[in-house]
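Each chain, letter by letter, is given below.
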Amino acid sequence: MENFQYYTPTKVVFGRGTEEQTGQLVREQGCRKVLVHYGSGSVVRSGLLERVYHSLDDAGIPYVSLGGVVPNPRLSLVYEGIELCKKENVDFILAVGGGSVIDSAKAIGYGLANDGDVWDFYDGKRTAQGCLPIGVILTIAAAGSEMSDSSVITNENGWLKRGYSSNYGRARFAVMNPELTMTLPKYQTASGCVDIMMHTMERYFNHCSNMEMTDGISEHLIRTVMKNAKILMTEPDNYDARAEVMWAGSLSHNGLTGCGTDGGDWASHQLEHELGGMFDVAHGAGLAAVWGSWARYVMDAAPQRFAKFAVNVMGVEPETDDSATALKGIRAMEDFYREIDMPVCIRDLGIEPSEDQLQELAEKCSHFGGRTIGCIKKLDKEDMYQIYKNAR
Ligand code: NZQ
Ligand code: ZN
């Protein structure tokens with residue numbers, strides 16, 4: 001097991017009706033004025049936003065609002081939020097929504113706590129020295145941003161999707177009521193489940209040995225999400241299934257399943273981020289579309305690991321050699337994606353990238369030839385191009 005630090009400062013308030021505690025939770029933070037940040041309308045239609053306003057009113061907390069966050073959240077709205085918060089003297093941001101809203105809130109927080117252009121952090125030019133405190137009311141189990149140190153923003157100038165990670169961006173509290181996720185379209189529920197599984201799979205695929213505890217947690221987490229994702233395809237109002245998936249979403253990306261690993265692979269995420277930036281696809285669906293291609297491309301670099309995954313997670317019968325078992329596991333995962341109506345290739349996403357666009361994806365993903373990605377097998381620009389091409 002590798003040395004590690006495990007830091008999860010977010011207070012989790014989980015269960016039915018917990019959003020009623022919002023005003024109290026914000027008051028505990030001792031702030032003067034709150035920005036309520038939300039997306040493109042689901043929280044208005046569900047009545048959640050109104051309930052949050054009431055809770056803040058009851059606690060005597062002044063607030064301003066900024067809606068309009070879209071999936072693959074845009075930098076332009078982040079700039080708008082920063083200006084609004086400066087004008088209104090906001091000192092706390094409450095994100096009501098999913099990963100996109102939370103990430104946009106974190107970016108606004110970085111922009112307020114640091115001088116200069118906030119994009120510099122996402123562009124890898126500087127590191128943040130602070131972030132305005134953030135609270136979360138989660139409405140979709142997926143990105144895990146409610147407990148993660150990450151934020152992913154899309155810059156419309158070049159359609160670059162970039163992530164930035166810092167412990168300053170960890171939410172102070174996360175309200176998680178599984179009932180709030182029952183209004184999700186089936187596609188978003190499934191896409192979220194894929195993302196949750198992938199946050200653990202990215203960490204699982206590493207070259208470490210002696211990972212008994214972390215492997216056990218990871219394997220069980222992925223199996224639990226698969227089981228409950230299937231239930232939710234026919235029973236969207238099943239509270240227990242919603243609850244299992246929601247809790248898995250946070251545990252999958254708060255660092256737990258990476259304890260003792262060498263950090264994990266993350267190539268699938270990097271490959272997907274460019275797809276999301278260029279074609280605006282749902283993040284989890286984009287991951288499902290590239291994963292099989294990535295797995296086939298790299299499995300020979302760690303056949304034992306892929307075979308262990310195949311047997312312990314996908315439940316396949318082992319073959320006499322690891323590569324054959326690994327391949328069965330990859331196919332079984334693709335079957336699962338199909339079962340929950342997720343894509344297994346880029347065409348399934350409804351897009352057909354041209355040859356030039358495949359090259360552009362690889363250019364952007366390699367930061368124009370300036371970096372490699374992945375740890376199971378280091379991938380350069382040509383490898384990335386091949387994986388995109390095989391995934392097409
Ligand atoms: O905008 P609204 O109207 O709220 O609609 C959203 C959106 O269209 C809808 N939705 C959310 N909750 C709902 C609902 N619709 C009905 N009922 C509800 N209860 O779902 C759609 C997707 O929302 P979004 O916030 O985009 O989903 P998700 O949580 O999957 O976030 C995706 C973003 O997070 C990034 C992704 O790259 C993507 O940009 N990620 C962030 C990470 C992090 N910060 O740690 C890690 C992830 O790997 C990921 O990269
Ligand atoms: Zn993800």
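Please read these numbers as outputs of a predicted model, since none were measured by experiment.

Draft legend 1. Geometry of the environment of Lys328. Relative to the elements of secondary structure, Lys328 occurs in helix H13 (residues 322-339). Apart from the residues within four sequence positions on either side, Lys328 is in contact with Val316, Glu317 and Glu319. Polar side-chain contacts of Lys328 include one of 2.9 Å to the backbone oxygen of Glu317. There is a polar contact of 2.7 Å between the side chain of Lys328 and the side chain of Glu319.

Draft legend 2. Spotlight on the sheet that holds strand S1 (residues 11-14). Pairing is parallel across the open sheet formed by six strands, whose spatial order is S1-S8-S5-S4-S2-S3. What marks the edges here is a single partner per strand, and that holds for S1 and strand S3 (63-66). Strand-to-strand twist in this sheet, taken as the mean axis angle between neighbours without regard to direction, amounts to 15°. Strand direction decides the pairing type here: strand S2 (residues 34-38) and S3, joined by four bridges, are parallel. Residue pairing for S3: Val34 is matched across the bridge by Tyr63. Lying on the sheet, helix H3 (residues 48-58) is in contact with S2, S3, strand S4 (92-97) and strand S5 (134-138); it crosses S2 at an angle near 170°. Along the sheet, helix H4 (residues 75-88) makes contact with S2 and S3, crossing S3 at roughly 165°.

Draft legend 3. Structural context of the UniProt feature "domain: Alcohol dehydrogenase iron-type/glycerol dehydrogenase GldA" (unreviewed entry) in the protein. Mapped onto this numbering, the UniProt entry annotates "domain: Alcohol dehydrogenase iron-type/glycerol dehydrogenase GldA" (unreviewed entry) at residues 9-178. Annotation note: span residues 9-178, helix share 32%, strand share 24%, distance between end C-alpha atoms 21 Å.

Here is what the cut-offs are and how they apply
Residues numbered from 1 in each chain as written. Chains lettered and ligands numbered in written order. Predicted model: local features only at pLDDT ≥ 70, side-chain atom pairs only at ≥ 80, totals over all residues. Heavy atoms only, no water. Helix = DSSP H or I, 4+ residues; strand = E, 2+ residues; numbered from the N terminus. Contact = heavy atoms within 4.5 Å. Polar contact = N/O pair within 3.5 Å; in protein donor to acceptor, adjacent residues only side chain to side chain. Pairing = 2+ DSSP bridges. Axes fitted to C-alpha atoms, helices over the stretch in contact; angles between N-to-C directions. UniProt positions renumbered as here; feature names shortened; annotations may be inferred.

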